[in-house]
There are 2 protein chains.
Amino acid sequence: MRIGIVGYGNLGRGIECGIKQNDDMELCAVFTRRDPNTVKILTEGVPVYSVGEIEKHKDELDVVILCGGSATDLPVQTPEYVKYFNVVDSFDTHAKIPEHFDHVNAEAEKNGHVALISCGWDPGMFSLNRLYANAVLPEGNDYTFWGKGVSQGHSDAIRRVEGVKDGKQYTIPVESALAQVRNGENPELTTRQKHIRECFVVAEEGADRAKIEETIKTMPNYFADYDTTVHFISEEELKRDHSGIPHGGFVFRTGVTGWNKEHSHVIEYSLKLDSNPEFTASVLLAYARAVCRLQKEGQKGCKTVFDIAPAYLSPKSGEELRAHLL
Amino acid sequence: MRIGIVGYGNLGRGIECGIKQNDDMELCAVFTRRDPNTVKILTEGVPVYSVGEIEKHKDELDVVILCGGSATDLPVQTPEYVKYFNVVDSFDTHAKIPEHFDHVNAEAEKNGHVALISCGWDPGMFSLNRLYANAVLPEGNDYTFWGKGVSQGHSDAIRRVEGVKDGKQYTIPVESALAQVRNGENPELTTRQKHIRECFVVAEEGADRAKIEETIKTMPNYFADYDTTVHFISEEELKRDHSGIPHGGFVFRTGVTGWNKEHSHVIEYSLKLDSNPEFTASVLLAYARAVCRLQKEGQKGCKTVFDIAPAYLSPKSGEELRAHLL
């Protein structure tokens, strides 16, 4: 599989690293909006091109993985690049997935390519677990918790506060809420009862720390609905202790079976990730394999993780899978 | 979907209960090896037939769920009944799955039906999680733990010991081993380090309890390789405290990503089930839905959970799934 990457940030670099772990994959090109001469990638001998020239390479790649953002990049890029390539993206604005799907599907159908959108872990592996668990336990409750992990959006919000030099925010699930769900208590949980937000802030010299803390804790949408803690630390501490991008979370379904619904069941799926972008990249690569196979079988159009049989993700044959993983 | 059940034991009754929770399903017939007049089912107005007459009903059912045992029933029944019906089974002798698959596939292909074999939770939901996690993290380790739950085979083994009137055996994962795996320590675990076995035994009056305990603890294959505890209790206690059929377990994959494999990840899936047969039945029903849809699309042959796109399991449309579960 000849793979192209569009966008060389954290996710793009994660794709580059992941390709090394898959013998059937080869990185063939990286496309960037920056001046290609300024982009130095990790892999020796792989060309970096301007994304404006991507169409020229349309016969050289089996699949292109789009590593841009969901806000403004992917809504434009995915429907555009599926004209020339099979594509995979990680579009994660949940509310706009149906619209994105329709745009991408129209172009994919027209041009005979396969697109897989909204891949990663949420949407992605978490979605799969919600679907399987809902199909198996039709009567029950769903719970999704995120963390412990770094929220980029909330970290950005902290950094916009006056007097803040730098900062990182962790989303943390409330342990007692997890325990209630795990016990099958089917709690009704408010936003505040599900997650806490922990902030590590580097204040500018002479800044009013009490005011910074107050501003963060009362910020609407981001922090006001949560129990938020703010720790002031030095720039060195932030760099030393908080430069990683960990994340993770939990998906539960609790449900009942039996003639009188007398039996309870708990299905739990969880991820604990040292690197959010590298794990996301690993999921995208497994689905890139599936996308290439589907197109070879003559399929076209837009897909999601729901539409793809699990065997397509693995380099192993059906015989091997049945013998060793079933 | 018109559903037939072959074999009315715990699993068959679980199927019967599960059908009530799915609006698109209807129980149309139960087939038994016993005298049909002696089999009283829970659902009003549904006929019970002798399994010898099953072929007569071949145009009346969309799918038949085979609820026999893996040792002697399913190896014969699944290849036989797929001649007349789409079928789903829970064949769980892992080592013989490839052979069973080939037998069933040959008859399914020849007769234009779809069969799904080895469905349930292990094989089944656990297998799916092993496959997805292996595809996403190509470099890593797999761990499966079972329990806490009742092992039927080990309970039977206890009951065959001289002086034992009745008994139940629980398989229990070792907490410290779970913790090591969850921490990403990648331990090498022996059989003894992964599970303990707890036995509740009703001794016959005057039986030699010390000898019973010794016989159980040293029984090859079943108990000798485990730390086993034996509790003697009264018949009333056994009935009161140990008449359920709970089970469950954990599937882990721990793996690495990054240019220098510097980041670790833990994927964990777990089930906590009040009723093993009812949960298994719920999985079989979701896949029965998929089997009927696949055949309507013109497919035939033997499948496993690896071959079926998740969306086929859900009664919801693709639009609904994308809008609400992705």
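Located above this text is the structure these notes cover.
In this report, we go over the structure that sits alongside the text.

Here is what the cut-offs are and how they apply
- Residues numbered from 1 in each chain as written.
- Chains lettered and ligands numbered in written order.
- Predicted model: local features only at pLDDT ≥ 70, side-chain atom pairs only at ≥ 80, totals over all residues.
- Heavy atoms only, no water.
- Salt bridge = Lys/Arg side-chain N within 4 Å of Asp/Glu carboxyl O.
- Helix = DSSP H or I, 4+ residues; strand = E, 2+ residues; numbered from the N terminus.
- Axes fitted to C-alpha atoms, helices over the stretch in contact; angles between N-to-C directions.
- Parallel < 35°, antiparallel > 145°, perpendicular 65-115°, else oblique.
- Left-handed = near helix turned anticlockwise from the far one by under 90°.
- Contact = heavy atoms within 4.5 Å.
- Nonpolar A, V, L, I, M, F, W, Y, C, P; charged D, E, K, R; others polar.
- Least-squares fit on C-alpha atoms with pLDDT ≥ 70 in both.

Turning to the pattern of salt bridges, a few remarks are in order. Applying the stated rule across the entire model yields 32 salt bridges over all chains. Where R159 of chain B meets D166 of chain B, a salt bridge forms, and the shortest distance between an N and an O atom there is 3.6 Å. Across the pair K165 of chain B and E235 of chain B runs a salt bridge whose closest N-O atoms are separated by 3.0 Å. Residue K165 of chain B is found in strand β9 (residues 164–173), and its partner E235 of chain B is found in helix α9 (residues 235–241); the two are separated by 70 residues along the sequence. Via salt bridges that share partners, D156, R159 and D166 of chain A belong to a single interconnected network.

On to the packing of helix α2 (residues 74–81) of chain A against helix α3 (residues 97–111) of chain A, then. All names here are of chain A. Relative to each other, α2 and α3 sit at 20°, their axes nearing to 8 Å. The angle between α2 and α3 falls in the class roughly parallel. For the pair α2 and α3, the crossing hand works out as right-handed. In this structure, α2 contributes L74, P75, T78 and P79 to the contact, and α3 contributes H100, H103, V104 and E107. A per-class count over the contact of α2 with α3 returns four nonpolar, three polar and one charged.

In the superposition of chain A on chain B (RMSD 0.1 Å, axial shift 0.0 Å), the rotation amounts to 180°. What the rotation and shift describe, once combined, is the action of a two-fold rotation axis. Measuring from the rotation axis to each C-alpha of chain A, the shortest distance belongs to A309 of chain A, at 1.9 Å. A symmetric contact is evident, with 100% of the interface residues of chain A recurring at the interface of chain B.

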